[in-house]
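Summary of the model geometry
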Amino acid sequence: MILGRVIGTVVSTRKEPKIEGIKFLLLEKINPETMKGKGDYLVAMDSVGAGLDEIVFYVAGSSARMTATTEGRPADATITAIVDEIDISGKLVYQKDRI
Amino acid sequence: MILGRVIGTVVSTRKEPKIEGIKFLLLEKINPETMKGKGDYLVAMDSVGAGLDEIVFYVAGSSARMTATTEGRPADATITAIVDEIDISGKLVYQKDRI
Amino acid sequence: MILGRVIGTVVSTRKEPKIEGIKFLLLEKINPETMKGKGDYLVAMDSVGAGLDEIVFYVAGSSARMTATTEGRPADATITAIVDEIDISGKLVYQKDRI
Amino acid sequence: MILGRVIGTVVSTRKEPKIEGIKFLLLEKINPETMKGKGDYLVAMDSVGAGLDEIVFYVAGSSARMTATTEGRPADATITAIVDEIDISGKLVYQKDRI
Amino acid sequence: MILGRVIGTVVSTRKEPKIEGIKFLLLEKINPETMKGKGDYLVAMDSVGAGLDEIVFYVAGSSARMTATTEGRPADATITAIVDEIDISGKLVYQKDRI
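On a predicted model such as this, the values are computed, not experimentally measured, just so you know.

Criteria and cut-off values
- Residues numbered from 1 in each chain as written.
- Chains lettered and ligands numbered in written order.
- Predicted model: local features only at pLDDT ≥ 70, side-chain atom pairs only at ≥ 80, totals over all residues.
- Heavy atoms only, no water.
- Contact = heavy atoms within 4.5 Å.
- Buried area = accessible area lost by both parts, 1.4 Å probe.
- Salt bridge = Lys/Arg side-chain N within 4 Å of Asp/Glu carboxyl O.
- Polar contact = N/O pair within 3.5 Å; in protein donor to acceptor, adjacent residues only side chain to side chain.
- Helix = DSSP H or I, 4+ residues; strand = E, 2+ residues; numbered from the N terminus.
- Nonpolar A, V, L, I, M, F, W, Y, C, P; charged D, E, K, R; others polar.
- Least-squares fit on C-alpha atoms with pLDDT ≥ 70 in both.
- Phe/Tyr/Trp six-rings, centres within 6.5 Å; stacked < 30°, edge-to-face > 60°.
- Buried < 20%, exposed > 50% of the residue type's maximum accessible area, 1.4 Å probe, protein only.
- Lys, Arg positive; Asp, Glu negative; His and termini not counted.
- pLDDT = per-residue confidence, 0-100.
- Pairing = 2+ DSSP bridges.

**Thoughts on the interface of chain A and chain D**
Between chain A and chain D, the contact holds 31 residues from the first and 30 residues from the second. Taking both partners together, chain A and chain D bury about 2300 Å²; carbon and sulfur atoms supply 53% of that area. Summed over the three residues of chain A that lose the most area to chain D, namely Met1, Phe57 and Met66 of chain A, the buried surface amounts to 28% of that side. Applying the counting rule to chain A against chain D returns zero salt bridges. The tally of links from chain A across to chain D stands at 18 residue pairs in polar contact (both at pLDDT 80 or more). If you list the elements that add at least two residues to the side of chain A that touches chain D, you get β1 (2-11), β4 (55-60), β5 (77-82) and β6 (85-88) of chain A. Tallied by class, the residues present in the side of chain A that touches chain D amount to 17 nonpolar, nine polar and five charged.

**Some details on the relation of the copies chain E and chain C**
For these two chains of identical sequence, chain E goes onto chain C by a turn of 72° and a shift of 0.0 Å along the axis, with RMSD 0.0 Å. Taken together, the turn and the small shift mark the pair as related by a five-fold rotation axis. Interface residue correspondence from chain E to chain C reaches only 3%, placing this contact among heterologous pairings that use different surfaces.

**Quick look at the interface of chain E and chain C**
In this complex, chain E contributes 31 residues to the contact, which on the side of chain C involves 30 residues. For the pairing of chain E and chain C, the buried interface totals around 2300 Å² over both sides, and the portion due to carbon and sulfur atoms is 53%. If you sort the residues of chain E by the area they bury against chain C, Met1, Phe57 and Met66 of chain E come out on top, with a joint share of 28%. Counting the contacts that link chain E with chain C gives zero salt bridges. Contributions of two or more residues to the side of chain E that touches chain C are made by β1 (2-11), β4 (55-60), β5 (77-82) and β6 (85-88) of chain E.

**Re the packing of aromatic side chains**
Scanning all chains against the criterion turns up five aromatic pairs over all chains. When the ring of Phe24 of chain A is compared with that of Phe57 of chain B, the centres are 5.0 Å apart and the planes differ by 65°; the resulting orientation is edge-to-face. Taken together, the positions of Phe24 of chain A in strand β2 (residues 24-31) and Phe57 of chain B in strand β4 (residues 55-60) put the pair across two chains. Here the two residues Phe24 of chain A and Phe57 of chain B agree in accessibility, since each one is buried.

**Quick word on the environment of Gln95 of chain D**
Residues and elements named next belong to chain D. With respect to the helices and strands, Gln95 occurs in strand β7 (residues 91-95). Not counting the four nearest positions on each side in its chain, Gln95 is found in contact with Asp84 and Glu85. Looking at Gln95, its side chain comes within polar contact range of the side chain of Glu85, at 3.5 Å.

**Some words on the relation of the copies chain A and chain D**
Its rotation angle being 72°, the transformation that places chain A on chain D also includes 0.0 Å of axial translation and leaves an RMSD of 0.0 Å. A different interface surface on each copy is seen, since only 3% of the contact residues of chain A are contact residues in chain D too.

**So, the arrangement of the chains**
With respect to C-alpha atoms, chain B approaches chain D no nearer than 10 Å, and the pair has no contact. Where chain A comes nearest to chain E, the C-alpha atoms are still 10 Å apart, and the two do not contact one another.

**What about the pattern of salt bridges?**
Side chains that differ in charge, positive against negative, can pair when their charged atoms come close. Residues and elements named next belong to chain D. Tallying each qualifying case throughout the model produces ten salt bridges over all chains. Here Lys96 ties to Glu54 by a salt bridge, and the two come within 2.5 Å at their closest N and O atoms. Here Lys96 is found in the segment after β7, whereas its partner Glu54 is found in the loop between β3 (36-46) and β4 (55-60), with 42 residues between them in sequence. Classification of Lys96 as partly exposed rests on a relative accessible area of 23%.

**Concerning the side chain of Asp76 of chain C**
Locating Asp76 of chain C in the fold gives a position in the loop between β4 (55-60) and β5 (77-82). Buried and unpaired, Asp76 of chain C has no salt bridge, with Arg65 of chain C as the nearest side chain of opposite charge at 9.0 Å. Within polar-contact distance, the side chain of Asp76 of chain C engages the backbone nitrogen of Met1 of chain E at 2.7 Å. Polar contacts involving the side chain of Asp76 of chain C include one to the main-chain amide nitrogen of Ala60 of chain E, which spans 2.7 Å.

**Side note on the confidence of the model for chain A**
Interpretation of the predicted coordinates at a detailed level should be avoided for regions scoring low in pLDDT. Looking at chain A, pLDDT values average 96 and 98% of them are 70 or higher. For this predicted complex, the interface score ipTM comes out at 0.96, while the overall pTM is 0.97.

**Overview of unusual backbone geometry**
Apart from glycine, the bulk of residues carry a negative phi angle, and the bulk of peptide bonds sit in the trans form. Even without glycine at this site, Met35 of chain D takes up a positive phi of about 65°. Positionally, Met35 of chain D belongs in the loop between β2 (24-31) and β3. The class for Met35 of chain D is buried, based on a relative accessible area of 8%. One non-glycine residue, Asp53 of chain E, adopts positive backbone phi at about 75°. By secondary structure assignment, the location of Asp53 of chain E is in the loop between β3 (36-46) and β4.

**What to know about the side chain of Ser63 of chain B**
Mapped onto the secondary structure, Ser63 of chain B falls in the loop between β4 and β5 (77-82). A relative accessible area of 1% places Ser63 of chain B in the buried class. Reaching out from Ser63 of chain B, the side chain makes a polar contact with the side chain of Arg65 of chain A at a distance of 2.8 Å. If we ignore the near neighbours within four places in the chain, the residues touching Ser63 of chain B are Arg65, Arg73, Pro74 and Ala75 of chain A.

**Some details on the pairing of β6 of chain A**
Burial along β6 of chain A is one-sided: the residues Ile86 and Ile88 of chain A are buried and none of Glu85 and Asp87 of chain A is. Bridge count for β6 of chain A against strand β7 (residues 91-95) of chain A is four bridges, and the pairing is antiparallel. Bridge pairing in β7 of chain A links Glu85 of chain A to Gln95 of chain A. Connecting β6 of chain A to the next strand, β7 of chain A, in antiparallel fashion are two residues, including Ser89 of chain A with a positive phi near 50°. Two elements, β6 of chain A and strand β1 (residues 2-11) of chain D, share four bridges in a ladder whose sense is antiparallel. For Glu85 of chain A, the partnering residue across the bridge sits in β1 of chain D and is Val11 of chain D.

Here it is, written out as C-alpha cells:
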C-alpha cells in the first residue's frame with residue numbers, strides 16, 4: 001500500500017455506470033521521511049470516509065475491488081485506511097491532528 | 001485511476017479478434033496541479049464516449065475488463081470517466097468547457 | 001496498452017514448457033509525439049504476426065493471457081495490434097509503410 | 001519480489017474492516033549492491049513477524065493475498081520472507097545479525 | 001517479460017510456508033542494446049534452473065504463479081526462460097557462452 005495525502009476531489013457526470021455514486025478523491029503520494037508530497041497524483045475510490053488533508057494509504061490492483069464500497073466495480077486504487085501515526089526507527093514522525 | 005487528456009487516436013487493421021470494433025484513444029497523463037501533460041502516453045479503450053482534448057481518468061489492470069465495452073477482452077487501460085471538475089484544497093483547478 | 005517498435009527477437013531453448021512454440025519479440029517503447037524510442041525494452045509474446053520495425057501496441061498484466069496464442073500461458077505482455085495510423089490533435093503523425 | 005528494510009510502522013484506527021488486526025510495516029526499498037535505502041517507501045502487511053531494521057522481501061499484486069495472514073483481504077504488498085543472506089557473484093554482501 | 005542477468009541468490013529461513021523449498025535468485029535488469037545492468041534489482045523464483053551470470057527473462061504479476069514450480073504460491077516474478085540469443089535489427093547482440 002502507498003501513503004498519500006487527500007488533496008482534492010474529482011467530479012464526473014459522464015462515467016461508466018458501475019462507478020455511479022462513488023466518491024473520487026485526488027491523492028498526492030508522500031515521502032514518509034519528510035511527509036512532503038512527491039508531485040505524483042492519482043484518483044482513488046474511498047472505502048473509509050477520508051477527508052481533505054488527511055494522510056491515508058490506498059491499495060492498488062485487483063485488491064482495490066475487495067472492499068464493500070468497490071466490490072464488482074472497475075477500481076484500481078481504493079483508500080483502505082486513514083493514518084493516525086507513522087513511526088520511523090522508534091520516532092513518531094506523524095500524528096494525526098497534531099502535526 | 002490516473003488522469004489524462006485525450007490527444008488522439010490509434011488505428012489498427014491487423015489486431016487480436018477480441019478487440020475488433022473497439023476505439024483506441026491516445027492519452028497523455030497530466031499533472032492535476034498544473035493541468036499540463038507529463039510526456040507519458042498510453043493507448044486506452046473507451047467505455048464512455050470520450051473525445052479529443054477531454055480530461056478523463058482511466059482504470060488499469062484487471063479492472064480494465066470490468067466495463068460493458070471491455071468485458072472478456074484483452075484490455076489493461078479503459079477510460080471510465082470524463083472529468084467535469086477537479087478541485088484541489090477547495091479551489092476549482094479545472095472545469096470542463098470553461099478552462 | 002503501450003506503443004512500441006519491434007526491434008528484434010529473443011531465442012530460448014531452456015524455458016518453461018508452457019511457453020514452448022511461442023515467438024518472443026523484443027520491443028522498444030516509443031514516444032508517439034516523436035515516434036522515437038524511449039530506451040525502455042521488454043519481451044512480448046505475439047498474437048498478431050508482427051514483424052521487425054513495425055509499430056504495435058501490447059497489453060500487460062493478466063489480460064496478456066486473453067488471446068488465442070497466450071491463453072493459459074505465463075505471459076505478462078502480448079502484442080494485440082499492429083498499428084496503421086496514429087493521429088494526434090487531428091494530424092497524422094504516423095502511417096504504416098509511408099513514414 | 002523486492003528487497004526492503006523495515007523502517008517503521010503505520011497505525012490506523014479508521015480503516016476497511018477486512019484489514020482489522022493486521023500489522024502495517026513501513027518498508028524502504030534497498031539496493032542490494034550497496035544495501036542502502038533508495039528513498040522509495042511502501043506499507044506492507046506482514047505474514048512472517050518481521051521486526052525493525054530487518055531486511056525482507058515482499059510480494060506485490062494479487063499474490064499479496066496468498067498468505068494465511070492476508071487471504072481474502074485487500075492487500076497489494078505482503079512480506080513473505082525475512083532475509084538471512086544475500087550473495088552477489090559468489091560474495092556474501094549481507095548476513096543477518098552480522099552486518 | 002523483462003530481461004535480466006542472474007547476479008546472486010537470496011536465502012531466508014523465516015518465510016511464508018508456501019514458499020519453502022523455492023530457490024530465490026537475485027536479478028539485475030539489463031538494457032538489451034548494451035547488455036549492461038540497469039542498477040535495478042529484484043528477487044525471482046526460478047522455474048528453469050537458471051544459474052549465475054545467465055541472461056534470463058521473467059514474467060511478473062499473476063502469471064508468475066503459472067509454472068509447475070510456482071503454482072498456488074505467492075510469487076510475483078518467476079524466471080521462465082534462459083536466453084540463448086538476442087537479435088536486434090538483424091544483428092546478433094547476445095549469444096550464450098560466446099559473449
